[in-house]
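A structural walkthrough
Single-letter residue listing:
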Amino acid sequence: MRFLIALIALASPLLAEKARSTSTLISEVTSIAPGKPFTVALKLDHPAGWHSYYLNSGGTELPPSITWKLPQGAAAGNIQWPTPEVKDGFDGKSFIYGGSPVFLIEITPPPTLPAGSTFAFSAHAMWQICEQLCVDEYADFSMSLPVAAEAVIDPAQALLFKNARNSLPKTLPGQISFDVSPHPSSADSMLLTLRGLSERPSDFIPDQAYLQSISESGEITQIDDGFAIRLDRKKTDFIGEPIPQGNAVSGILLGNPNYLVPETSVSAPDPENLAFGKFLKVLGGMFVGGLILNLMPCVFPVIGLKIMGFVKQAGASRRAVALHGLSFTSGVLASFAVLSGILFAARSAAIRDGSAFVGWGYQLQDPHVVVILLLLMFVLGLNMFGLFEIGTSATSVGGNLQHKTGHAGSFLSGVLATIVATPCSAPFLGTAIGVAMTLPSLQFFSGFAAMAIGLALPYLVLSVFPEWVKNLPRPGAWMESFKQAMSFLLFGTSGYLLWFYSAQIGQENLIRPIFGLCIIAVGAWIYGRWHLPHCSRTTRITALALGFAFVTSGVVLTLPPKPDQLWEPWSESKTEELLEKGTPVYIDFTAQWCLTCQLNKKIAYTEKVIDLAKRKGVVFLKADKTRRPSPEIDGAIQKLGRNAIPVNVLIIPGKEPILTPEILTPNILTELFSRIPDSEKD
């Protein structure tokens, strides 16, 4: 593949010299009326085999754009995009215009124009044409139209505008409704549903770069009253750079005829009630999760102590002991009600402002969320495995609860028991939250109530039958074994999150979080080994400081890597400033859609080359024209005697710029940077 790209890149300069398209700005009218919109057309004529691009190119190529200079009070509408051709591109599908595409734009003059005056305006158009290479092209236009009482259509242009309008996708008729929602079985897909559509579409061309066409990766499913279309997300471009994600969907539905689907944001439907049988399984699972919390070492030793506390408060009255148990249960239920209420409010707010979807997993698209969950699961796993302890005062807190008096004290005991249980609850609360995020309000709160009842049930039963306390298993080594066994659930979750995280930050950056987690484990071990009550104050302070230092360092290593620090943004003024200081400057005029540029980056900039350049004091500047045209960059390229990227140049203070070949290798750059005299590196 690299060899093929290299051959393409070698031919690119020759192709660039031959590639030129012609352009014309055409008015539909010979005169305009004040305040009445009229249409102009940008017509492009491409060389044979070359093409321009739709609003969404399917890759990193740029579509046509126009910058208008209009009289005050006038306005220009958006480009009206003809239906493009779907073509196999370098990395998936591309959406292109070959031959002579025509782009319509509606202009509205101000209503205050006097009859007999002239409406003058100008425009700067930019577009890219591509074959194997992409070339930027520009044109400047100016036009003056007389102002009359009524606009006059130019008959000579009638056919051109008729054909241009026929090439536009049609507006969806009223009987066809549509909506967009999260795909029910894939967090990396959206579901476009069209009801009232009778004919099966052949494809969907999305306007958004983060979506793929059906022909590239998707599926059309017929439903009772129309069709459901699965649109898969595209996370990275062909060189592995992340594509910014969003929630909107619009584009062109290909069929007979082609339809324009207007932009619609993903609307998360209200969660549907689970079927009774499935919901019983959810309730049972959350109830069992609450019961298991009582087996955690920070909870179990408290049960017998608390029940005996109820007995001491109530004397021999079985009824009074049972009432204390009910008060305690009420405290647990109230605590879970607050917890689930906060979670439900957060979920509702996220749905309302569109920042999240109903369902568990969409938040994992953000690497910062993933790394936070990864660190949390890993640290809790270390804790449960026994490397260090958090909440070591839990048992004493639970024991002290027996000294509270009255039903208010029992209620507060239930609240505190919930708080004490949370450090041990990660495997079960995580599952509960994952399920709860998909449930409607009644089932949502019912699930958390089941979990609360599971936690409170042993206390409630033993308050009714306090003599059963003597039958409880004695706390012992089995509890520590159980806790350590539960830690493997967390380590397994951490491993999954690390795998997921590596896909977001790149395999080449995976070594950082691996070492980061190891360093965090060392810090936790130091804290757990020497920050103990029987150790001296000096030892505990030292352990705390060292543990904090190790954990902090590990967290820093684990966080998403910063963008490449080698390159700085280019500008003429920055270049001149560096040269005046005697600093050699290396400039890369580049773009993501430039195949040769990307080939150079993959092959030429080795660690050895970069180390040499740094020793020579070279500052790397990147003149990037990926996202928008830049007359400043184009002017700088022309001054160097080139007319298309890639252009790479080394400028040594006081000497003529040294241009590199279009194709770079490590040897070429090594020889280039070796030309810098040693005195320049200072």
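Further up the page is the structure itself.
What this report covers is the structure whose coordinates are included nearby. Note that the structure is a prediction, hence the values are computed from the model and not measured. (Residues numbered from 1 in each chain as written. Predicted model: local features only at pLDDT ≥ 70, side-chain atom pairs only at ≥ 80, totals over all residues. Heavy atoms only, no water.)

**Some details on the overall build of the protein chain**
Helix and strand counts for the protein chain stand at 18 helices and 25 strands. Expressed as a percentage of the 682 residues in the protein chain, the buried residues total 47%. Long-range contacts, defined here as pairs at least 24 residues apart, represent 75% of the contacts in the protein chain between residues at least 6 apart. Here the protein chain has roughly 33,000 Å² of accessible surface; of this, 60% comes from carbon and sulfur atoms. (Helix = DSSP H or I, 4+ residues; strand = E, 2+ residues; numbered from the N terminus. Buried < 20%, exposed > 50% of the residue type's maximum accessible area, 1.4 Å probe, protein only. Contact = heavy atoms within 4.5 Å. Areas by Shrake-Rupley, 256 points an atom, 1.4 Å probe, with all protein chains shown as cover.)

**Considering the pairing of strand S20 (residues 259-265)**
Bridge analysis of strand S13 (residues 170-171) against S20 gives two bridges, and the strand direction is parallel. Bridged to Lys170 within S20 is Tyr259. Summarising the sheet, strand S19 (residues 248-254) and S20 pair through five bridges and their orientation is antiparallel. The residue of S20 that forms the bridge with Leu253 is Tyr259. (Pairing = 2+ DSSP bridges.)

**Remarks on the sheet that holds S19**
Strands sit in the order S13-S20-S19-S16 across an open sheet of four strands; the sheet is mixed. Strand pairing shows two members of the sheet lacking a second neighbour, S13 and strand S16 (203-206), which therefore form its edges. In terms of strand pairing, S16 meets S19 through four bridges, oriented antiparallel. From the neighbouring strand, Phe204 faces S19, where its bridge partner is Leu253.

**What to know about helix H17 (residues 631-639)**
Those residues of H17 that fall on the buried side of the exposure criterion are Ile633, Asp634, Ala636 and Ile637. Taken end-on, H17 shows its buried residues confined to a sector of 160°, consistent with a single buried face. Exposed side of H17, more than 90 degrees from the buried face: Pro631, Gln638 and Lys639 are the residues found there. Taken together, the buried residues of H17 touch strand S11 (134-146), helix H14 (572-580), strand S22 (585-590), strand S23 (619-624) and strand S24 (647-651). Immediately beyond the C-terminal end of H17, within one or two residues, lies Gly641, with a positive phi of roughly 85°. (Arc of directions from axis to C-beta.)

**Some words on the sheet that holds strand S15 (residues 189-195)**
Reading across from one edge, S14-S15-S18-S17 is the order of the four strands in this open sheet, with antiparallel pairing throughout. This sheet does not close on itself; its edge strands, each paired only once, are strand S14 (177-182) and strand S17 (218-223). Taking the axes of each pair of neighbouring strands and ignoring which way they run, one obtains an average angle of 20° across the sheet. Bridge analysis of S14 against S15 gives six bridges, and the strand direction is antiparallel. (Axes fitted to C-alpha atoms, helices over the stretch in contact; angles between N-to-C directions.)

**Some points on the state of the cysteines**
Here is the idea: a disulfide is a covalent bond, and it sits between the sulfur atoms of two cysteines. Tallied over the entire structure, the rule returns one disulfide. Disulfide pairing places Cys130 opposite Cys134 at an S-S distance of 2.0 Å. Taking the sign of the torsion about the S-S bond as the criterion, the disulfide between Cys130 and Cys134, at about 110°, is right-handed. By relative accessible area, which is 1% here, Cys130 ends up buried. Residue Cys134 is classed as buried on the basis of its relative accessible area of 8%. (Disulfide = S-S within 2.5 Å.)

**Here's the deal with the nonpolar core**
Note that soluble globular proteins tend to have their nonpolar side chains buried in a common cluster. Judged by nonpolar contacts, the single largest core of 36 residues is most densely connected at Ile32, Phe38, Val40, Ile66, Trp68, Phe119 and Phe121. For this core, the secondary structure elements donating two or more residues are strand S3 (38-45), strand S5 (65-69), strand S8 (92-98), strand S9 (102-108), strand S10 (118-130), S11 and S19. In terms of residue count, the dominant contributor to this core is S10 (six residues). Dropping the residues within four chain positions of it, Phe119 is found in contact with Ile32, Phe38, Pro71, Ala74, Ile107, Pro109, Pro110, Leu113, Met143, Ser144, Leu145 and Val147. (Core = buried A, V, L, I, M, F, W, Y, C linked by side-chain atoms within 4.5 Å.)

**Examining the packing of helix H16 (residues 607-615) against helix H18 (residues 666-674)**
The geometry of H16 relative to H18 is characterised by a closest axis approach of 10 Å and an angle of 10° between their N-to-C directions. It follows from the interaxial angle that H16 and H18 lie roughly parallel. Residue-level inspection shows Val609, Leu612 and Ala613 of H16 in contact with H18, the latter providing Pro666, Leu669, Thr670, Phe673 and Ser674. Grouping the constituent residues of the contact of H16 with H18 by class yields six nonpolar, two polar and no charged. (Parallel < 35°, antiparallel > 145°, perpendicular 65-115°, else oblique. Nonpolar A, V, L, I, M, F, W, Y, C, P; charged D, E, K, R; others polar.)

**Side note on the environment of Leu326**
Note on placement: Leu326 falls in helix H5 (residues 318-353). Residue Leu326 is classed as partly exposed on the basis of its relative accessible area of 45%. Remark: the alpha-carbon pair of Leu326 and Val461, spanning 135 residues in sequence, is separated by 9.8 Å.

**Some thoughts on the side chain of Asp232**
Structurally, Asp232 can be placed in strand S18 (residues 226-232). A polar contact is formed between the side chain of Asp232 and the side chain of Ser189, at a distance of 2.6 Å. Within the structure, Asp232 has its side chain in polar contact with the side chain of Ser217 (distance 2.5 Å). If sequence neighbours within four positions are ignored, Asp232 has contacts with Asp188, Ser189, Tyr210, Leu211, Gln212, Ser217 and Gly218. (Polar contact = N/O pair within 3.5 Å; in protein donor to acceptor, adjacent residues only side chain to side chain.)

**Side note on the packing of aromatic side chains**
For the structure on display, the rule yields 22 aromatic pairs. Both rings, one in Phe444 and one in Phe445, keep their centres 5.2 Å apart while their planes meet at 80°; by these two values the pair is edge-to-face. Taking the relative accessible area as the measure of exposure, Phe444 reaches 0% and is therefore buried. Given a relative accessible area of 34%, Phe445 falls into the partly exposed group. (Phe/Tyr/Trp six-rings, centres within 6.5 Å; stacked < 30°, edge-to-face > 60°.)

**Structural notes on the pattern of salt bridges**
All told, the structure shown has 17 salt bridges when counted by the stated rule. As a salt-bridge pair, Arg195 and Asp225 come within 3.7 Å of each other at their nearest N and O atoms. Separated by 30 residues along the polypeptide, Arg195 in strand S15 and Asp225 in the loop between S17 and S18 bring together distant segments of the chain. A relative accessible area of 32% means that Arg195 is categorised as partly exposed. We note a salt bridge from Glu219 to Arg230, for which the minimum N-O separation is 3.3 Å. With Glu219 in strand S17 and Arg230 in strand S18, this pair connects stretches of sequence that are 11 residues apart. In this structure Glu219 comes out as partly exposed when scored by relative accessible area, which is 41%. (Salt bridge = Lys/Arg side-chain N within 4 Å of Asp/Glu carboxyl O.)

**A few points about the side chain of Lys234**
With respect to the helices and strands, Lys234 occurs in the loop between S18 and S19. If sequence neighbours within four positions are ignored, Lys234 has contacts with Gly58, Asp91, Ala209, Tyr210, Leu211, Gln212, Glu216, Ile243 and Gln245.

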